[in-house]
Structures are given as C-alpha cells and as structure tokens.
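Summary of structural features
Each chain, written out:
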Amino acid sequence: MHQWKVLLLEAGSDPPLTSDIPRFATSLVGSDIDWQYKTEPQDGICLGLENKQCKWPRGKVLGGTSTINYLAYVRGMKNDFDNWANAGNPG
Ligand SMILES: Cc1cc2nc3c(=O)[nH]c(=O)nc-3n(C[C@H](O)[C@H](O)[C@H](O)COP(=O)(O)OP(=O)(O)OC[C@H]3O[C@@H](n4cnc5c(N)ncnc54)[C@H](O)[C@@H]3O)c2cc1C
C-alpha cells in the first residue's frame with residue numbers, strides 16, 4: 001500500500017457558504033474569490049462592454065473555479081476522445 005503525501009498550494013482562501021448553493025454562483029463572479037481577470041480588447045469581441053473587455057472568471061479559492069461554477073454536468077464528445085486516440089494517445 002502506498003503512503004502518499006500531497007502538498008496543496010492555493011492562493012485563495014476557504015470557500016464561503018454561498019458557494020454550496022449552485023444558484024448563487026453568479027454572485028461569486030467578480031467577488032474576492034474570483035481572480036477578476038478580463039479579456040484583452042480585441043477587434044469584434046465584447047463590443048457592448050466597457051473598453052471591449054469581457055469578464056473571465058477563475059476561482060481564487062480552495063476548490064478553484066468549480067467553487068464558483070454552475071455544477072452543470074456535460075458529457076464529453078465521442079469524436080473528441082476518438083480524435084485524441086487517433087492522434088497517438090491510446091486510452
Ligand atoms: C462562471 C463559470 C461557470 C462554469 N460552469 C461550469 C459548469 O457548470 N460545468 C462545468 O463542467 N464547468 C463549468 N465551468 C468550467 C470549470 O469550472 C473549469 O473549467 C474548471 O473548474 C477548471 O479547473 P482547473 O482545475 O483547470 O482550474 P481551477 O479550478 O481554476 O484551479 C486553479 C487553482 O489554482 C489556484 N492558483 C492559481 N494561481 C496560483 C498561484 N500562483 N499560487 C497558488 N494557487 C494558484 C487558483 O486560485 C485555483 O484555485 C465554469 C466556469 C466558470 C468560470
């Protein structure tokens with residue numbers, strides 16, 4: 001039996017209670033547990049937004065972005081897995 005030790009380094013803090021409720025995820029975007037990144041202004045992108053910059057939320061918290069996401073389960077595409085295998089990545 002292996003005796004593993006895992007060191008977890010995390011820039012953020014513990015998650016707030018609201019992160020347990022998926023419906024509240026939108027309130028966590030832009031909060032202090034979000035890195036609050038914005039996209040760079042680009043032609044044809046985020047045209048309706050200030051300085052043409054979209055929010056690019058990423059969790060800065062224990063649990064990462066899944067702490068601020070919607071918990072929607074999305075199945076992988078069969079073609080994606082087949083293409084990765086055909087590109088030389090069996091299994
Ligand atoms: C608003 C939103 C909704 C979403 N909804 C869904 C959904 O419903 N279903 C779904 O499947 N996916 C969803 N996603 C996508 C999914 O949440 C992310 O793709 C996934 O959580 C990313 O995981 P990760 O492990 O790659 O990165 P992360 O979970 O972002 O983990 C990176 C971690 O590293 C930490 N870190 C970064 N830099 C440093 C540093 N220098 N030192 C220490 N720690 C650091 C961060 O704080 C973070 O905790 C959503 C994403 C967002 C933004």
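Residues numbered from 1 in each chain as written. Predicted model: local features only at pLDDT ≥ 70, side-chain atom pairs only at ≥ 80, totals over all residues. Heavy atoms only, no water.

1. Regarding the UniProt feature "domain: Glucose-methanol-choline oxidoreductase N-terminal" (unreviewed entry) in the protein chain
Residues annotated by UniProt as "domain: Glucose-methanol-choline oxidoreductase N-terminal" (unreviewed entry) correspond here to residues 59-82. In residues 59-82, helix accounts for 21% and strand for 0%; the two terminal C-alpha atoms are 31 Å from one another. (UniProt positions renumbered as here; feature names shortened; annotations may be inferred. Helix = DSSP H or I, 4+ residues; strand = E, 2+ residues; numbered from the N terminus.)

2. Digging into the site of the ligand
The environment of the ligand is formed by 17 residues, the closest being E10, A11, T65, N69 and A72. For the ligand, an oxygen atom lies 2.5 Å from a polar atom in the side chain of E10. Taking V61, its main chain carries an N or O atom lying 3.2 Å from an oxygen atom of the ligand. Expressed as a share of its isolated accessible area of 1,000 Å², the protein-covered part of the ligand is 55%. Grouping the amino acids of the shell around the ligand by side-chain chemistry returns nine nonpolar, five polar and three charged. (Near = heavy atom within 4 Å. Polar contact = N/O pair within 3.5 Å; in protein donor to acceptor, adjacent residues only side chain to side chain. Areas by Shrake-Rupley, 256 points an atom, 1.4 Å probe, with all protein chains shown as cover. Nonpolar A, V, L, I, M, F, W, Y, C, P; charged D, E, K, R; others polar.)

3. Points about the environment of G64
Residue placement: G64 occurs in the loop between β2 (55-56) and α2 (78-86). On the basis of relative accessible area, G64 is assigned to the buried category, the value being 18%. Through-space distance from the C-alpha of G64 to that of N83 is 29 Å; in sequence the pair is 19 residues apart. (Buried < 20%, exposed > 50% of the residue type's maximum accessible area, 1.4 Å probe, protein only.)

4. Observations regarding the state of the cysteines
The full count for this structure, using the stated rule, is one disulfide. C46 shares a disulfide with C54; S-S distance 1.9 Å. For the disulfide bridge between C46 and C54, the dihedral angle about the S-S bond is near -115 degrees, and by the sign convention the bridge is left-handed. Residue C46 is classed as buried on the basis of its relative accessible area, which comes to 14%. (Disulfide = S-S within 2.5 Å.)

5. Some points on the packing of aromatic side chains
Across all of its chains, the model carries two aromatic pairs by this definition. Arranged with centres 5.9 Å apart and planes meeting at 5 degrees, the rings of W35 and Y37 form a pair that is stacked. Relative to W84, the ring of F81 has its centre 5.3 Å away and its plane inclined at 90 degrees; by these criteria the two rings are edge-to-face. Of this pair, F81 and W84 are both found in helix α2, three residues apart, which corresponds to roughly one turn of the helix. Overall, the relative accessible area of 49% leaves F81 in the partly exposed class. If you follow K60 out to its NZ or CZ, it ends over the ring of W35, 4.5 Å from the centre. (Phe/Tyr/Trp six-rings, centres within 6.5 Å; stacked < 30°, edge-to-face > 60°. Lys NZ or Arg CZ within 6 Å of the ring centre and 35° of its normal.)

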